[in-house]
Amino acid sequence: MKGHPVFGDSLIAAHLLAIDLFLYVVQVVTPEDPTTPPPWYVAVPLTLGVVVPVGFRRKYPVAAAYATLLFGVPHSILELGIASLFTTCISVYTLVAYVSRRQGLLYVLANAVVTGVQAWLQYSAQMVILLIVVALMFALCWVLGEFVGARRAYHAAVEQRLALLEVERDHQARMAVAAERARIARELHDVVAHAVSVIVVQADGAAYAVRTQPELAERAVRTISATGREALTELRRLLGVLRSEDARDDLTPQPGAESLAELAERVRAVGLPVHLEITGAVDDLPAGVGLGVYRIVQEALTNTLKHAGPGTRAVVRVERSGDRVELEICDDGHQAVRPLVGVSGGNGLIGMRERALVFGGSLDAGPRPEGGWRVLASLPLTAE
């Protein structure tokens, strides 16, 4: 019924129609009834005109309310049943709850004018009692309409706020991804710029030594070849990374995997005991991969410092196996949940995951079953 409100309202209209038709039949077949009911071709259309608009009261509330009022006047004058009274009360409730207080007040005033004229024409003690009952029913329907309207407005405001928060969350995530991509592009630019500088210097040296010292020139050419291949690999990794035009600062050499020991020592000095395990040779990693390894470990340890609480220990494992580098950074902290976009403004996990994806690798982060947090990353050494 919530998904199809016309269906539920049509059931209400059908019940009112059945009651009025039953009362009409009783009035017709009762010989001792002093009142003479109108013909069926008058009673049935008037009853239908009163109850049918109820089925569309939420789709066309104003039109349905005044249609009910229009057919309800002759319906009540001919005393064809209770449908005119109940449909009018339903219309008051509908206008207050679904439209506005102003429309509800105008409708009540219109009913008051019609009822006042009818009471003046048919004045009796029974009519006075009926007016009091109608006024009480109108008041009850108005209060119910105010209550339901306030709840609908509150739920609409909550849904709008949730939608805005969802849009804001997505926007922040996109901003975090864009900022991290710009940062990665900036760092890879440093690596490539350094390689090109080495090539230029070696090429100049080879040009001077090619006749007098051919062995030195040959060594310089080999260095140029190796450096050029490494730079070409980094350029291929750079494809797909968007860099903002204003990101031209911080063109300084970046650390690599060989700097992990210094990083661990600095973190220990801050107050987080770190155990570093390195398996395999990581000093000769490609510059971009070494930088990615360093930044992932740095961000993971920073998150541990921020969120894990006092007395926490961390373990960093770096293993070079074949053409991949595997990373594992885990701690035994007390906080098991750390947000993707932190409430303090950090975007650590987004940045680490984006950095791993840029190099063609993968990253997974989450709580450990035994407590604490773990970050697993895998970076390929060759461009895919």
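Residues numbered from 1 in each chain as written. Predicted model: local features only at pLDDT ≥ 70, side-chain atom pairs only at ≥ 80, totals over all residues. Heavy atoms only, no water.

1. Some remarks on the overall build of the chain
Here is step 1: If you tally the helices and strands in the chain, you get ten helices and five strands.
Here is step 2: Across the 384 residues of the chain, 36% fall into the buried class.
Here is step 3: Contacts in the chain between residues far apart in sequence, at least 24 positions, make up 71% of those at least 6 positions apart.
Here is step 4: In the form shown here, the chain has an accessible surface area of approximately 22,300 Å², with 64% of it arising from carbon and sulfur atoms. (Helix = DSSP H or I, 4+ residues; strand = E, 2+ residues; numbered from the N terminus. Buried < 20%, exposed > 50% of the residue type's maximum accessible area, 1.4 Å probe, protein only. Contact = heavy atoms within 4.5 Å. Areas by Shrake-Rupley, 256 points an atom, 1.4 Å probe, with all protein chains shown as cover.)

2. Examining the sheet that holds strand β4 (residues 362–367)
Here is step 1: The five strands lie next to each other as β1-β2-β3-β5-β4, forming an open sheet whose pairing is mixed. Only two strands of the sheet have a single neighbouring strand rather than two, namely β1 (274–279) and β4. Recorded for the sheet is a direction-independent mean angle of 10° between the axes of neighbouring strands.
Here is step 2: Pairing of strand β3 (residues 324–331) with strand β5 (residues 373–380), which is carried by eight bridges, proceeds in the antiparallel orientation. When the bridges of β5 are listed, Glu328 appears paired with Leu376.
Here is step 3: In the packing of helix α9 (residues 287–307) onto the sheet, the strands contacted are β1, β2 (314–321), β3, β4 and β5, and the crossing angle to β3 comes to about 10°. (Pairing = 2+ DSSP bridges. Axes fitted to C-alpha atoms, helices over the stretch in contact; angles between N-to-C directions.)

3. Some words on the state of the cysteines
Here is step 1: Summed over the entire model, instances satisfying the criterion amount to zero disulfides.
Here is step 2: Left unpaired, Cys141 is separated from the closest cysteine sulfur, that of Cys89, by 4.3 Å. (Disulfide = S-S within 2.5 Å.)

4. Brief notes about the confidence of the model for the chain
Here is step 1: On average, the chain scores 80 in pLDDT, and the residues at 70 or more come to 86%.
Here is step 2: Low pLDDT, under 50, characterises residues 242–252; the predicted model gives this stretch 14 contacts beyond four residues in sequence or across chains.
Here is step 3: A low-confidence stretch, residues 339–346 stays under pLDDT 50, and its non-local contacts, those more than four residues away or across chains, total eleven contacts. (pLDDT = per-residue confidence, 0-100.)

5. Some points on the packing of helix α3 (residues 61–77) against helix α4 (residues 83–98)
Here is step 1: Remark: α3 packs on α4, axes separated minimally by 9 Å, with the N-to-C direction vectors making an angle of 160°. Taken together, the axis directions place α3 and α4 in an arrangement best described as roughly antiparallel. Our pair here, α3 against α4, has a crossing hand that is left-handed. Between α3, through Pro61, Val62, Ala65, Thr68, Gly72, His75 and Ser76, and α4, the contact on the second element is made entirely by Ala83, Ser84, Thr87, Thr88, Ser91, Thr94 and Leu95.
Here is step 2: Split into classes, the residues belonging to the contact of α3 with α4 amount to five nonpolar, nine polar and no charged. (Parallel < 35°, antiparallel > 145°, perpendicular 65-115°, else oblique. Left-handed = near helix turned anticlockwise from the far one by under 90°. Nonpolar A, V, L, I, M, F, W, Y, C, P; charged D, E, K, R; others polar.)

6. Here's the deal with the packing of aromatic side chains
Here is step 1: Under the counting rule described, the total for this entry stands at two aromatic pairs.
Here is step 2: Here the aromatic rings of Trp40 and Tyr41 are separated by 6.0 Å at their centres, their planes lie at 80°, and the arrangement is edge-to-face.
Here is step 3: Overall, Trp40 belongs to the exposed group, its relative accessible area being 60%.
Here is step 4: Note on Tyr41: relative accessible area 54%, which makes it exposed.
Here is step 5: Note on Tyr66 and Tyr107: the rings are 5.4 Å apart at their centroids and 85° apart in plane angle, and the pair reads as edge-to-face. Here the residue Tyr66 occupies a position in helix α3, and Tyr107 occupies one in helix α5 (residues 101–121), the gap between them amounting to 41 residues.
Here is step 6: On the basis of relative accessible area, Tyr66 is assigned to the partly exposed category, the value being 32%.
Here is step 7: Of the residues examined, Tyr107 reaches a relative accessible area of 0% and is grouped as buried. (Phe/Tyr/Trp six-rings, centres within 6.5 Å; stacked < 30°, edge-to-face > 60°.)

7. Section: the pattern of salt bridges
Here is step 1: Taken as a whole and assessed by the stated rule, the structure comprises twelve salt bridges.
Here is step 2: In this structure, Arg268 and Glu265 form a salt bridge, with 3.0 Å as the shortest nitrogen-oxygen distance. With a gap of three residues between them, Arg268 and Glu265 both fall in helix α8 (residues 260–270), about one helical turn apart.
Here is step 3: Residue Arg268 is classed as partly exposed on the basis of its relative accessible area, which comes to 33%.
Here is step 4: According to the relative accessible area criterion, Glu265 is partly exposed, its value standing at 49%.
Here is step 5: Each of Glu277, Arg317, Glu328 and Arg374 takes part in one network of salt bridges that share partners. (Salt bridge = Lys/Arg side-chain N within 4 Å of Asp/Glu carboxyl O.)

8. A short note on a nonpolar patch on the surface
Here is step 1: Residues Ile19, Phe22, Leu23, Val26, Ile82 and Phe86 make up a contiguous nonpolar surface patch of about 490 Å² in total accessible area.
Here is step 2: Per element, the largest residue contribution to the nonpolar patch is four residues, and it comes from helix α1 (residues 5–29).
Here is step 3: In this fold, Val26 is placed in helix α1.
Here is step 4: By relative accessible area, which is 34% here, Val26 ends up partly exposed. (Patch = residues over 30% accessible without salt bridge, like charges linked within 9 Å, V, L, I, M, F, W, Y side chains within 5 Å.)

9. Considerations on the environment of Leu131
Here is step 1: Tracing the chain through its elements places Leu131 in helix α6 (residues 125–209).
Here is step 2: Residue class for Leu131 comes out partly exposed when judged on its relative accessible area of 30%.
Here is step 3: Distance in space between the C-alpha atoms of Leu131 and Thr115 is 7.8 Å, their sequence separation being 16 residues.
Here is step 4: With near-sequence residues (within four places) excluded, Leu131 lies in contact with Thr115 and Ala119.

10. Details of the nonpolar core
Here is step 1: Residues Ile296, Leu301 and Ile329 are the most contacted members of the largest nonpolar core, which totals 33 residues.
Here is step 2: The set of elements that each furnish at least two residues to this core consists of α8, α9, β2, β3, α10 (348–358), β4 and β5.
Here is step 3: Counting residues per element, this core draws most heavily on α9, which supplies seven residues.
Here is step 4: Setting aside residues no more than four positions away along its own chain, Leu301 makes contact with Val267, Leu272, Val274, Ala314, Val316 and Ile329.
Here is step 5: Ala65, Leu69, Leu95 and Phe138 belong to the second-largest nonpolar core, a separate cluster that totals eleven residues. (Core = buried A, V, L, I, M, F, W, Y, C linked by side-chain atoms within 4.5 Å.)

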